[in-house]
Amino acid sequence: MATNNSANTYIVPTANNEVTQPSQPAFLAVLNGAWANATGDGTALSPMTIDLEIFDQNADFDTGTYQFTAPVTGVYEITNSVGISNAAGHTVWLLAVITSNRQYYSIYTDDVNNFLNTSNNTTYENGVFADMDAADTAHIYCRVNGGAKTVGISRGDLTDCTTHFSGVLVC
Amino acid sequence: MATNNAANTYITPDANNIVLQPSQPAFSAYLGSDDDNQTGAGTVFRIGDTDVGTALTEIFDQNADFTTGASGGAYFTAPVTGRYVFIAGITVDSVSTSNYEFNKVETSNRRYIICSWDGSAVVNAADEIFTGAHFICDMDAADTAKFFTVLYNLGGDTVDVQGSATLETYFMGYLLV
């Protein structure tokens, strides 16, 4: 098998033939705590704050810039979930993943009220396969319009991934 | 190449260099028939809970890590520490005026939210809602993953979880890296 790594630390099969790739780029990060009054008046959160890593295999996610940087050209699976709170009476909710190459909508509605539960919050999740070139970046974009800047972003922590961002190099 | 398997049956490229991993943990299962009256008044219903509903039907279970039905719900058990992808979808019926639907995938390490919204505002004309999502999850060996739904604010548990071979409700996953 062709390889650049004769010690083979990049594919690690177990005795039962399960294959792990411990150096493969893969990350999961969350918003560390709730964020009040983040948007609602059209303020675009881009990149949206995602500042607590749960794992970052290969160290490609930056909790300072809230962006993932592709270390190599390939196809990446990128998922996100964002919760918003206190959004009653607002109108537009736009949530997307933006890479250097493309923008992928998760939700774009003109009436966010249709999604709110009785606690005046809601969440949306989406995932995409994204083509990325080496050094391209990916981040979350979130914006709510139609009212005051009173819409919050729901909390995340090490056990609750309500607002999170994740990705992995697939092939 | 260092390997636990000199015959290399864990990665099998074909003549066109398409790579298969025939022993890689991967499963796909669905609810084959409706589980009626499972939630609506705040009762948490875990898919494949054989105490109150039916076991799931497997489409495939490469490496045999998925338990289709059990008390407390169907579950996947990670055979090795790694990053797993889970894909979950559910259709609920008779949502009526329930204004709070909450679905999650829960692993031993963490919870991943699928939806938290006003069900009565997003139902279709047949009084049904489908929601689905997928997540990249860290799991340690022997950790488990389940999938649940709960709806609130109805007078009783009158919401049905729909199942059929058309995959109205399903749970899938695989070891990615």
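To be clear, the structure that these remarks concern was listed above.
Just so it is clear, the structure is predicted and the values come from calculations on it, not from any experiment.

Draft legend 1. Structural view of the pattern of salt bridges. Counted under the stated rule, the structure contains four salt bridges over all chains. Between Arg155(A) and Asp157(A) there is a salt bridge, with its nearest N and O atoms 2.7 Å apart. Residue classification places Arg155(A) among the partly exposed positions, given a relative accessible area of 41%. A salt bridge links Glu106(B) to Arg46(B), with the nearest nitrogen and oxygen atoms 2.6 Å apart. Taken together, the residues Glu106(B) in strand E10 (residues 100–107) and Arg46(B) in strand E5 (residues 45–46) connect sequence positions 60 residues apart. Judged by relative accessible area, Arg46(B) falls into the partly exposed class, the value being 26%.

Draft legend 2. Representation of a nonpolar patch on the surface in the model. Taken together, the side chains of Val75(A), Phe129(A) and Val170(A) present a nonpolar region at the surface, about 240 Å² in accessible area. Along the chain, the position of Val75(A) falls in strand E9 (residues 74–85).

Draft legend 3. Here's a closer look at the nonpolar core. Grouped together as the largest cluster of nonpolar side chains are 80 residues, with contacts concentrated most on Ile78(A), Ile84(A), Cys142(A), Ile153(A), Phe165(A), Phe86(B) and Phe171(B). Each residue touching Ile78(A), except ones within four places of it in the same chain, is listed here: Val97(A), Thr99(A), Asn126(A), Gly127(A), Val128(A), Ala130(A), Met132(A), Ala138(A), Phe165(A), Ser166(A) and Gly167(A). With five residues, the next largest nonpolar core counts Tyr100(B), Ile113(B), Phe148(B) and Val150(B) among its residues.

Draft legend 4. A look at unusual backbone geometry. The amide bond that connects Ser46(A) to the next residue, Pro47(A), takes the cis arrangement and shows omega of -5 degrees. Counting through the fold element by element, Pro47(A) comes out in the loop between strand E5 (44–45) and strand E6 (52–57). One non-glycine residue, Ser96(B), adopts positive backbone phi at about 55 degrees.

Draft legend 5. Spatial organisation of the packing of aromatic side chains. Residues and elements named next belong to chain A. Per the stated rule, a full pass over the model turns up 21 aromatic pairs over all chains. Judged by centre distance (4.9 Å) and plane angle (10 degrees), the ring pair of phenylalanine 27 and phenylalanine 61 falls under stacked. Separated by 34 residues along the polypeptide, phenylalanine 27 in strand E3 (residues 26–30) and phenylalanine 61 in strand E7 (residues 61–62) bring together distant segments of the chain. Overall, phenylalanine 27 belongs to the buried group, its relative accessible area being 1%.

Cut-off values and rules
- Residues numbered from 1 in each chain as written.
- Chains lettered and ligands numbered in written order.
- Predicted model: local features only at pLDDT ≥ 70, side-chain atom pairs only at ≥ 80, totals over all residues.
- Heavy atoms only, no water.
- Salt bridge = Lys/Arg side-chain N within 4 Å of Asp/Glu carboxyl O.
- Buried < 20%, exposed > 50% of the residue type's maximum accessible area, 1.4 Å probe, protein only.
- Helix = DSSP H or I, 4+ residues; strand = E, 2+ residues; numbered from the N terminus.
- Patch = residues over 30% accessible without salt bridge, like charges linked within 9 Å, V, L, I, M, F, W, Y side chains within 5 Å.
- Areas by Shrake-Rupley, 256 points an atom, 1.4 Å probe, with all protein chains shown as cover.
- Core = buried A, V, L, I, M, F, W, Y, C linked by side-chain atoms within 4.5 Å.
- Contact = heavy atoms within 4.5 Å.
- Phe/Tyr/Trp six-rings, centres within 6.5 Å; stacked < 30°, edge-to-face > 60°.

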